[in-house]
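Okay, here's what each chain looks like letter by letter:
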Amino acid sequence: MTEIPQTGIAWPELREQMVNMANGDVNWREGKAAVYVFHSGDDVMQVAHDAYSLFIAENGLGPGAFPSLRNMEKQVIDMALNLQQAPEGGAGSMTSGGSESILLAVKACRDHVLAQRKVPGKPEILAPYSVHPAFDKAAHLMGLQVVRIACADDFKADVDAMADAVNENTIMLVGSAPCFPYGLIDPIEELSGLAQKHNLWLHVDACVGGYLNPFMREVTDNDIEPYDFSIPGVSSMSLDLHKYGYAAKGASTVLYREKALHKSQTFHFSDWPCGHMYTPTMAGTRPGGAIAAAWAVLNYLGREGYQARAAQIADARAQLVQGCQAAGCYIMGDPKLSIVAFGWQHNDILAVGEGLYEQGWFSSRVTRPDGIQYMISPEHHKTMSKYLKILKELMDDVHSGRRRRHQGDVSYS
Ligand SMILES: Cc1ncc(COP(=O)(O)O)c(C=O)c1O
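Remember, it's a predicted structure, so these values are computed and weren't measured experimentally.

Draft legend 1. Broad picture of the environment of Ala22. Structurally, the position occupied by Ala22 is in the loop between helix 1 (11-21) and helix 2 (42-54). Separated by 155 residues in the primary sequence, Ala22 and Ala177 have C-alpha atoms spaced 33 Å apart.

If you want it as structure tokens, here you go:
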């Protein structure tokens, strides 16, 4: 179709067309998406769906018109601040996703820091090599620069090397909890020490772990490294509701230790015919459905629901680690959350990744060193054995020379 049809088409026909269009999509319901989708059960999906529908027309741009959405957002932010052990006076916003949360934290940092001190060159964000490209996107848009420092041998931020790179242009330090490539939590306490020594803003990117780490800690003997506002040097955090919060897509949270830091995130303009226009986030119009679905899922699951799903993820992770090692792969670092990256010392793991892709199994890959990255959803505890069987078959094929890598680039985009 290249034009809007002259006469409208009946919904049943359109629905059928759309279901057919989705035939070629990754079959995440059968556990084949180890990226993009966070499947935590049909009941959770139904709650998100119904809550989204209830507020599908409402607009978060107008809190005066929709006090319902203002209340829901406030409650979501309060729950998030509580979960991340924020001190009294913490503040935050709901956003459309991790990239927007990061963009806003970078803007808040830039405006706050540059109001306090002059920076001789281009302001710099200092980050481990493993941080998400959303920081580079934010820097690109705001005239800043990201300096990425190689990770240490344990695949985590090399804090000594980052300390060597601090200079008068540095305005922000970043650590992830966990990083996307390897699923590991950077040494946030050490980064906090560095931030405090030089009076720098420390952002913790917990887009993946914000709604998972606390519950994983509760179901796996407290073995998760500290990463949140309980560490004094942490200024801001990003945590995605549409990942392990299991909300509908289009929902994340950005949090600040103090209201004054949050204030630097907002934008106000009045020199146009309609006068004052105040927007706390990047968006103007904000989908009421995304706010409502996140509020509903947090309340529907409760702490126990999140703990149960963390336990399922831990089960799937144990299966994955054990299966990979039994097949002859090695695990990158010591992942304790939901992401596992694995390589193969003796042969081409990316040829195996290509085979998985051809059979409809979607995951990301890592480089430095080459590997496959698997982001676990709770429902994967049911399908992991099937995945491991296919992985082993493909490894045998590569080992025996029956399969070689073609051109395919199974990259995360
Ligand atoms: C660690 C981390 N930060 C940020 C993001 C960006 O989130 P989004 O895709 O919601 O913009 C991701 C996405 O995977 C991520 O893994």
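Draft legend 2. Just the packing of aromatic side chains, in detail. For the structure on display, the rule yields nine aromatic pairs. Plain terms: the ring middles of Tyr374 and Tyr387 are 4.8 Å apart, the flat faces sit at 75° to each other, and that makes the pair edge-to-face. One end of the pair, Tyr374, is in strand 13 (residues 371-375); the other, Tyr387, is in helix 12 (residues 384-400), and 13 residues separate them in sequence. A residue is classified by how much of its surface remains accessible, and Tyr374, at 1% relative accessible area, is buried. Taking relative accessible area as the criterion, Tyr387 reaches 2% and is therefore assigned buried. Here the basic side chain of Arg368 rests over the ring of Tyr129, its NZ or CZ set 3.9 Å away from the ring centre.

Draft legend 3. Summary view of the domain arrangement of the protein. What the domain assignment reports for the protein is domain 1 (50-298) and domain 2 (302-396). The centre of domain 1, based on its C-alpha atoms, is set 27 Å off from the matching centre of domain 2. On the side of domain 2, 28 residues touch domain 1, which itself brings 29 residues to the contact. For the pairing of domain 1 and domain 2, the buried interface totals around 2,500 Å² over both sides, and the portion due to carbon and sulfur atoms is 65%.

Draft legend 4. Highlighting the site of the ligand. The environment of the ligand is made up of 14 residues, and the closest members are Gly98, Ser99, Asp205, His242 and Lys243. In the environment of the ligand, an oxygen atom lies 2.9 Å from a nitrogen or oxygen atom belonging to the backbone of Gly98. Lys243 places a polar side-chain atom, nitrogen or oxygen, 3.0 Å from an oxygen atom of the ligand. Summarising the interface, the protein chains cover 88% of the accessible area of the ligand, which totals 390 Å² for the free molecule. A total of three residues in the shell around the ligand trace back to one element, the largest contributor, which is helix 4 (residues 98-116). Within the shell around the ligand, the residues separate by chemical class into six nonpolar, five polar and three charged.

Calculation criteria
Residues numbered from 1 in each chain as written. Predicted model: local features only at pLDDT ≥ 70, side-chain atom pairs only at ≥ 80, totals over all residues. Heavy atoms only, no water. Helix = DSSP H or I, 4+ residues; strand = E, 2+ residues; numbered from the N terminus. Phe/Tyr/Trp six-rings, centres within 6.5 Å; stacked < 30°, edge-to-face > 60°. Buried < 20%, exposed > 50% of the residue type's maximum accessible area, 1.4 Å probe, protein only. Lys NZ or Arg CZ within 6 Å of the ring centre and 35° of its normal. Domains from an automatic or database assignment. Contact = heavy atoms within 4.5 Å. Buried area = accessible area lost by both parts, 1.4 Å probe. Near = heavy atom within 4 Å. Polar contact = N/O pair within 3.5 Å; in protein donor to acceptor, adjacent residues only side chain to side chain. Areas by Shrake-Rupley, 256 points an atom, 1.4 Å probe, with all protein chains shown as cover. Nonpolar A, V, L, I, M, F, W, Y, C, P; charged D, E, K, R; others polar.

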